[in-house]
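Each chain, written out:
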Amino acid sequence: MAQKHQLTKNPVVPIGCHAWNKDRTEVALSPNSNIVEIHSFSAGVFTKVAELKEHGHRVTGIDWAHKTNQLVTCGEDRNAYVWKKDASGTWKPTLVILRINRAATCVKWSPNEDKFAVGSGSRLISICYFEEENDWWVSKHIKKPIRSTVLSIDWHPNNVLVAAGSSDFKCRVFSGYVKTVDPKPPATCWGKKMPFGALMAEFGTGSGGGGWVHSVSFSHDGNKIAYVAHDSSVTVVDGAAEQYVCRVTSKGLPFRCVTWISANNFVAGGHTNVPVLFEHANNTVVEKGSLDVPEKKEAKKLNAMAKFQALDDKGTNDTAKTTTSINTSHQNSINEFTIVTGDKSNATSFCSVGVDGKICFWDVAKALSAVGFKLA
């Protein structure tokens, strides 16, 4: 089982997005509102230390730059802000000029933290960078051939390529090269020439009509892409193997998030409420199974009076038929994953946030041992 923390209470509201600082002592999250909360984390206890209230509508994306200690947030108000701490420890926002007319849906810093990408309902990706002459963040747009809302974004390790999943049932790889920021990038398995906005690759979803691409993740070396869609399909594209596509359709509900935890393994989570381990090897994707081991609870013995009260109130004295909790760490859908220790090549722990307002920590070695799996 995971280490669980209930961060939203009275009422319980979903945690829509979150991000950790470099040393994992603070987490920024949004409780399904226009507010971003900063919580410190020490000795297994979360304490709210700040609230960021610049957005006018629900916050949809948060990312924390570990080298520069800057936060970037985006929301349904069509705005994005870069937050910096001043000398007094107060977070100060800087407005980003996105030039979009629909909600921003996701945001991600580039590996070098000199750019970030914002997906939106305007059917485009804003590649944002800092213009020192004017002292503000500006953006360039990647538009074609995106035909619907961009739902997820991830950067290639080379700081240039961007993978994007959208609600037109496609996962695409674009060039986010900015001449004033990036040196000329070397060739990759996704292509050689990378002018800004170039479509490097495009991939679909399942054969039964497809589904929205909820989440996309580059592997640690950038040679593989994993993405999950609303048709319960899980797809891996191996760029080093001539962009070979392999796909498996889960028998369960759709996944909403995905991240690599080793060179050949990744975890996906979503409407099944549990993180599921997948393995990519020999041009195939195998669903290994859930990493969430149910807690063993002792059955409560009811006395005669309690049995009659249960029969009167609920029509049965069988507690298994009347309980409202489910036997998983998360009691509702998982929204996001973040690696806590390690990286995509060798993650030793990761965390998940969900609609149940919980944040759960997963120790990879303990979880694998409990379910009898091994990483490839």
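Nothing here was measured: the structure is a model prediction, and the numbers come from that model.

Colleague: How would you explain the nonpolar core if you had to name every residue and give the values?
Modeller: Judged by nonpolar contacts, the single largest core of 18 residues is most densely connected at Val173, Trp190, Ile225 and Tyr227. When residues of this core are traced back to their parent elements, those giving at least two are strand E15 (161–166), strand E16 (171–175), strand E17 (199–203), strand E18 (213–218) and strand E19 (224–229).

Colleague: Please provide a residue-by-residue account of the pairing of strand E20 (residues 233–238), values included.
Modeller: In terms of burial, E20 is largely enclosed, as six of its six residues are buried. As judged from the five bridges shared by E19 and E20, these two strands associate in the antiparallel manner. Within E20, the position partnered with Ala226 by the bridge is Val236. Taken together, E19 and the strand that follows it, E20, pair antiparallel across an intervening segment of three residues, in which Ser232 is found at a positive phi of about 70°. Where E20 lies against strand E21 (residues 244–249), six bridges are found, and the strand directions are antiparallel. By the bridge assignment for E21, Asp238 is matched with Tyr244. Linking E20 back to E21 in an antiparallel pair, the connection comprises five residues, with Glu242 at a positive phi of about 60°.

Colleague: So what about the sheet that holds strand E2 (residues 17–20)? Which residues, and what values?
Modeller: The strand order across the open sheet built from four strands is E2-E3-E4-E5, with neighbouring strands paired in antiparallel fashion. Every interior strand has two partners, whereas the edge strands, E2 and strand E5 (45–52), have only one. Adjacent strand axes in the sheet meet at a mean angle of 25°, parallel and antiparallel pairs treated alike. Pairing analysis gives four bridges linking strand E3 (residues 26–30) to strand E4 (residues 36–42), with the strands arranged antiparallel. By the bridge assignment for E4, Ala28 is matched with Ile38.

Colleague: Outline the environment of Asn265, listing residues and values.
Modeller: By the secondary structure assignment, Asn265 is in strand E23 (residues 265–270). Separated by 3.1 Å, the side chains of Asn265 and Ser262 make a polar contact.

Colleague: Lay out helix H3 (residues 364–371) with the relevant residues and their values.
Modeller: Along H3, the positions that sit buried rather than exposed are Val364, Ala367 and Leu368. When H3 is viewed along its axis, its buried side chains cluster within an angular range of 95° and face the same direction. Looking at H3, the residues exposed on the side facing more than 90 degrees away from the buried face are Ala365, Lys366 and Ser369. In this structure Asp363 caps H3, since a side-chain oxygen of it lies 3.1 Å from the backbone nitrogen of Ala365. One or two steps after H3, the chain reaches Gly372, where phi turns positive at roughly 80°.

What counts, and at which threshold
Residues numbered from 1 in each chain as written. Predicted model: local features only at pLDDT ≥ 70, side-chain atom pairs only at ≥ 80, totals over all residues. Heavy atoms only, no water. Core = buried A, V, L, I, M, F, W, Y, C linked by side-chain atoms within 4.5 Å. Buried < 20%, exposed > 50% of the residue type's maximum accessible area, 1.4 Å probe, protein only. Helix = DSSP H or I, 4+ residues; strand = E, 2+ residues; numbered from the N terminus. Pairing = 2+ DSSP bridges. Axes fitted to C-alpha atoms, helices over the stretch in contact; angles between N-to-C directions. Polar contact = N/O pair within 3.5 Å; in protein donor to acceptor, adjacent residues only side chain to side chain. Arc of directions from axis to C-beta.

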